[in-house]
Amino acid sequence: MSTLTVPQPLPPVADDCEQLRKAFAGWGTNEKLIISILGHRNAAQRKLIRQTYAETYGEDLLKALDRELTNDFERLVVLWSLDPAERDAYLANEATKRWTSSNQVLMEIACTRSPQQLLMARQAYHARYKKSLEEDVAHHTTGDFRKLLVPLVSSYRYDGDEVNMTLAKAEAKILHEKISEKAYGHEDLIRILATRSKAQVNATLNHYKNEFGNDINKDLKTDPKDEFLTILRATVKCLTRPEKYFEKVLRLAINKRGTDEGALTRVVATRAEVDMKFISEEYQRRNSIPLDRAIVKDTTGDYEKMLLALIGHVEA
Amino acid sequence: MIIKPGTRKRGDDRDEAMAQSDELEALTKAFSGHGVDETTLIAVLGKSHPEKRKAFRKGNPQFFKEDERSFERWDDHRIKLLKREFSRFKNAVVLWAMHPWERDARLMKEALKDGPDSYNVLIEVACTRSSEELLGARRAYHSLFEHSIEEDVASHVHGPERRLLVALVSAYRYEGTKPKEDNAKAEAKTILNVIKSGEKKTDNEEVIRILTTRSKLLLKAVYKDYQEISGSNLDEDLKSDSRLQETVQCLCTPERYFSQVLDLALEIDADKSTKKALTRVIVTRADVDVKEIDEEFNKMYGVRLTKKIEDTANGNYKDFLLRLIAKGD
């Protein structure tokens, strides 16, 4: 469930553009105004604002934001203002670059978006980077990581709810076999996680637990330092309980000494309109403190205010 | 045949025998090749007297066998083959009327069911369609079969081919203009090194990466660069790896590939799956590049594709194929 709050009635888009233009005008920037507008518009509304702003003032809104804002606040606002497919393409591309490389982000995008959203991200990737997502991912990964990530980003999973229980039993057995043999990069293991529908994967993993006693992630925890196992466990989590996965990312980002703003920004910007409510509830359950309180403790200024706006925080 | 007394001359007998043997030959031809000659069957067989049909049965040992109980009996296998030949026109029409997405989805499903001998069809569809067409086929596959194509390929294909085939059907290649700086030469070198080293190419992750993720425009440049640095064509050097060879041919020289497939399909003794290619290729390329394939076919084999089809196909099936090819005129 989304945590975004949009004012009723909605101000006309021309007004929004005019206000934003005012916020950029003169010395300094009126960040509060920017947050009050962009922080309370959904994807379709933001798209219209961008279009109208460009038509009216002859400039891409994102360019203006890039020029006027800085640091974490800028990154959050810019990421937020992008169309979801463009945003995913941007994040994925960043994740293939040397200094910002992240197998985890690639897996996260591939596994927590719907099949249709992943497809749109791949289309946006073509348009923006003149390459295919899979060619960049393949180029920047090797070995088992490549064997896992390329199929994950290339998948177009069936999105129905039908489940074949016989298949679930058979594939749970295969998973258990390969894990017992420590063949974590085995093609059958990867095939099951990377190609089966999410409903089928869930059924298979439920059966795994019923039949073999442990959650698959428990059996995949044999070596805490093994990075491939880490990403396999994260893949499983993203496919089965994404809100728990994102809660953990937030928890680690906030608890980390100094905060991992990159992760915090990414999760809030990409999930605010999707399932931030569930993530927020999960966060409170797991950490005994509401998410907004944790954010207030850990961040400051306009960055903090924008985050709070996006997670639906209401000033007391 | 009823012989009227007193009207027969020696010339008549000979003409009659020749006419009869011509008709029998026409009838045999109507049943042979690709599709059946419906017109001849109606004209000759349809109005034939019982003796003529008996002569046909006795004169065609491949179609009829002498049964121990004194009658000429249809060869069962031949009836099965005929069933296929009668269906060829139907299959072509149904395939042609289909939405291209449904068509490709069904072709891939059938190829998976038929087994390794038909996996070349998977490669053909995955590599000769545009990125959007392949995406469409994947969508249609969801609707038709309630699975994703990649999950079915991954679970049905075993061995080293699996990785290649799954990657090929999952690809969404960039189709814009080549960036100014591309590394086609470097990629060509990489492939050459793998081939020279003698290691199994289908297991090499760099060869897989290059063939399954790079854009077609870039791969055509790689093909050219490979020729320059090694002196031979990439698909020839991949001869020992038929899947990789087909992949390269489909991606880099599709008209050649299709011409070869058609040539094999038009052989008299082509087997069932090879023969099916005639319908598949003409129907799936009629709106795309069948004219270019016809030219390439002529270049390679010294005879126009249309002429070859004229000679080896029959009836409505033949007319339908020729009409599809002429469509572009």
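Residues numbered from 1 in each chain as written. Chains lettered and ligands numbered in written order. Predicted model: local features only at pLDDT ≥ 70, side-chain atom pairs only at ≥ 80, totals over all residues. Heavy atoms only, no water.

- Going by what an unreviewed UniProt entry lists, chain B is known as Annexin and is assigned to Eucalyptus globulus.

- The name given to chain A in an unreviewed UniProt entry is Annexin, with Eucalyptus globulus as the source organism.

## Some words on the overall build of chain B
Phase 1: Summing up its helical and strand segments, chain B has 19 helices and 2 strands in all.
Phase 2: Taken against the 2.2 N^0.38 rule, which gives 20 Å for 329 residues, the C-alpha radius of gyration of chain B at 25 Å runs more than 25% over that of a compact globule.
Phase 3: Look at the contacts in chain B between residues 6 or more apart in sequence, and 66% of them connect residues 24 or more apart.
Phase 4: Split by element, the accessible area of chain B, about 16,600 Å² in all, is 52% carbon and sulfur.
Phase 5: For chain B, the centre of its 59 positive side-chain charges and the centre of its 60 negative side-chain charges are spaced 2 Å apart. (Helix = DSSP H or I, 4+ residues; strand = E, 2+ residues; numbered from the N terminus. Rg over C-alpha atoms; globule rule 2.2 N^0.38 Å. Contact = heavy atoms within 4.5 Å. Areas by Shrake-Rupley, 256 points an atom, 1.4 Å probe, with all protein chains shown as cover. Lys, Arg positive; Asp, Glu negative; His and termini not counted. Charge placed at Lys NZ, Arg CZ, Asp CG, Glu CD.)

## Quick word on the nonpolar core
Phase 1: Within the largest apolar cluster, 93 residues are counted, with the highest numbers of intra-cluster contacts made by Leu-20, Ile-34, Leu-65, Met-107 and Leu-232 of chain A.
Phase 2: Of all the elements, helix H15 (residues 227-240) of chain A adds the most residues to this core, at 8 residues.
Phase 3: Apart from residues lying up to four places away in sequence, Leu-65 of chain A is in contact with Phe-24, Ile-34, Leu-38, Glu-74, Val-77, Val-78 and Ser-81 of chain A.
Phase 4: Among the nonpolar cores identified, the runner-up in size contains 75 residues, and Ala-154, Ala-184, Leu-219 and Tyr-223 of chain B belong to it. (Core = buried A, V, L, I, M, F, W, Y, C linked by side-chain atoms within 4.5 Å. Buried < 20%, exposed > 50% of the residue type's maximum accessible area, 1.4 Å probe, protein only.)

## Considerations on a negative patch on the surface
Phase 1: On the surface, Asp-159, Asp-161 and Glu-162 of chain A together with Glu-146 of chain B cluster together into a patch of negative charge.
Phase 2: Note that Asp-159 of chain A resides in the loop between helix H10 (143-154) and helix H11 (165-180).
Phase 3: Judged by relative accessible area, Asp-159 of chain A falls into the exposed class, the value being 58%. (Patch = residues over 30% accessible without salt bridge, like charges linked within 9 Å, V, L, I, M, F, W, Y side chains within 5 Å. Salt bridge = Lys/Arg side-chain N within 4 Å of Asp/Glu carboxyl O.)

## Examining empty space enclosed by the protein
Phase 1: Inspection of the entire model under this criterion finds 4 cavities of 30 Å³ or more.
Phase 2: Of the volumes computed, that of the largest cavity is approximately 50 Å³.
Phase 3: Looking at the largest cavity, the residues that line it are Ala-126, Arg-129, Ser-130, Ser-131, Leu-134, Leu-168, Ala-171, Arg-173 and Lys-216 of chain B.
Phase 4: By residue class, the composition of the lining of the largest cavity is 4 nonpolar, 2 polar and 3 charged.
Phase 5: When its volume is computed, the second largest cavity comes out at roughly 40 Å³.
Phase 6: Lining the second largest cavity are Ala-110, Arg-113, Ser-114, Pro-115, Leu-118, Ser-155, Arg-157 and Lys-198 of chain A.
Phase 7: Here the residues of the lining of the second largest cavity sort into 3 nonpolar, 2 polar and 3 charged. (1 Å grid on protein atoms, 1.4 Å probe; cavity = no way out; pocket = protein on both sides within 12 Å on 5 of 7 lines; lining within 4 Å. Points joined across faces, edges and corners; volume = space filled by probe spheres on them. Nonpolar A, V, L, I, M, F, W, Y, C, P; charged D, E, K, R; others polar.)

## Some remarks on the UniProt feature "binding site: Ca(2+) 3" (unreviewed entry) in chain A
Residues and elements named next belong to chain A.
Phase 1: The sites that UniProt annotates as "binding site: Ca(2+) 3" (unreviewed entry) are Asp-298.
Phase 2: Among the secondary structure elements, Asp-298 is positioned in helix H19 (residues 291-298).
Phase 3: Under the relative-accessibility criterion, Asp-298 is labelled partly exposed at 29%.
Phase 4: Beyond its immediate sequence surroundings of up to four residues, Asp-298 is in contact with Ile-254 and Thr-259.
Phase 5: Within the structure, Asp-298 has its side chain in polar contact with the side chain of Thr-259 (distance 2.3 Å). (UniProt positions renumbered as here; feature names shortened; annotations may be inferred. Polar contact = N/O pair within 3.5 Å; in protein donor to acceptor, adjacent residues only side chain to side chain.)

## Quick word on helix H1 (residues 13-24) of chain A
All names here are of chain A.
Phase 1: Over its 12 residues, H1 runs 17 Å from end to end, which matches the ideal 16 Å to within 8%, given 1.5 Å per residue.
Phase 2: Those residues of H1 lying buried are Asp-16, Cys-17, Leu-20, Ala-23 and Phe-24. Summarising the axial view, the buried residues of H1 lie within an arc of 120 degrees, below the 170-degree limit, and thus occupy one face.
Phase 3: The inward-facing, buried residues of H1 abut helix H2 (31-38), helix H3 (43-57) and helix H4 (61-68).
Phase 4: Within two residues after H1, Gly-26 carries a phi angle of roughly 75 degrees, on the positive side. (Expected span 1.5 Å × (residues − 1). Arc of directions from axis to C-beta.)

## What about the pattern of salt bridges?
Phase 1: Applying the stated rule across the entire model yields 61 salt bridges over all chains.
Phase 2: Its salt-bridge partner being Glu-246 of chain B, residue Arg-243 of chain B comes within 3.3 Å of it at the nearest N-O pair. Here the residue Arg-243 of chain B and the residue Glu-246 of chain B both occupy positions in helix H14 (residues 242-252), the gap between them amounting to 3 residues, near one helical turn.
Phase 3: Classification of Arg-243 of chain B by relative accessible area gives buried; the value is 12%.
Phase 4: On the accessibility criterion, Glu-246 of chain B (16% relative accessible area) is buried.
Phase 5: Linked through salt bridges whose partners overlap, the residues forming this network are Glu-135 and Arg-146 of chain A together with Glu-187, Glu-205, Glu-206, Arg-209 and Arg-214 of chain B.

## Comments concerning the packing of aromatic side chains
Phase 1: Scanning all chains against the criterion turns up 17 aromatic pairs over all chains.
Phase 2: With centroids separated by 4.9 Å and ring planes inclined at 55 degrees, the aromatic side chains of Tyr-53 of chain A and Tyr-57 of chain A adopt a geometry described as tilted. Placement of the pair is Tyr-53 of chain A and Tyr-57 of chain A together in helix H3, with a separation of 4 residues, close to one helical turn.
Phase 3: Classification of Tyr-53 of chain A as buried rests on a relative accessible area of 0%.
Phase 4: Here Tyr-245 of chain A and Phe-246 of chain A contribute two aromatic rings whose centre-to-centre distance is 5.1 Å and whose plane-to-plane angle is 75 degrees, an arrangement assigned as edge-to-face. Across the pair, exposure class does not vary: Tyr-245 of chain A and Phe-246 of chain A are buried alike.
Phase 5: Through successive ring pairs, a cluster of aromatic residues spans Phe-31, Phe-56, Phe-63, Phe-64 and Trp-74 of chain B. (Phe/Tyr/Trp six-rings, centres within 6.5 Å; stacked < 30°, edge-to-face > 60°.)

## Considerations on the pairing of strand E1 (residues 64-67) of chain B
Within a regular strand, side chains alternate between the sheet's two faces.
Residues and elements named next belong to chain B.
Phase 1: As paired strands, E1 and strand E2 (residues 71-74) are joined by 4 bridges and run antiparallel to one another. Bridged to Lys-65 within E2 is Arg-73.
Phase 2: Hairpin geometry of E1 and E2 is characterised by an intervening segment of 3 residues between the two adjacent antiparallel strands and by a positive phi of about 65 degrees at Ser-70. (Pairing = 2+ DSSP bridges.)

## Points about the layout of surface pockets
The gaps left among the atoms become clear once a water-sized probe is rolled over them.
Phase 1: Approximately 1,300 Å³ is the volume found for the largest pocket.
Phase 2: Taken together, 43 residues make up the lining of the largest pocket; nearest its centre are Arg-233, Ala-234, Lys-237, Tyr-245 and Lys-248 of chain A.
Phase 3: When residues of the lining of the largest pocket are traced back to their parent elements, those giving at least two are helix H6 (84-96), helix H7 (103-112), helix H13 (198-212), helix H14 (216-219), H15, helix H16 (242-255), helix H17 (261-271) and helix H18 (276-287) of chain A.
Phase 4: A per-class count over the lining of the largest pocket returns 14 nonpolar, 10 polar and 19 charged.
Phase 5: The volume enclosed by the second largest pocket comes to roughly 1,000 Å³.
Phase 6: Around the second largest pocket, the lining is made up of 37 residues, and of these Val-121, Ser-273, Lys-276, Ala-277 and Arg-280 of chain B lie nearest the centre.

## Thoughts on the UniProt feature "binding site: Ca(2+) 1" (unreviewed entry) in chain A
Residue and element names in this part refer to chain A.
Phase 1: Those residues carrying the UniProt feature "binding site: Ca(2+) 1" (unreviewed entry) are Phe-24, Gly-26, Gly-28, Glu-68, Ile-254, Lys-256, Gly-258, Val-296, Thr-299 and Glu-304 in this numbering. For the annotated residues, spread through 281 residues, the largest C-alpha to C-alpha distance comes to 37.6 Å, inconsistent with a single compact locus. In this structure, the largest pocket is lined, among the annotated residues mentioned, by Lys-256.
Phase 2: One can find Phe-24 in helix H1.
Phase 3: With a relative accessible area of 6%, Phe-24 lands in the buried category.

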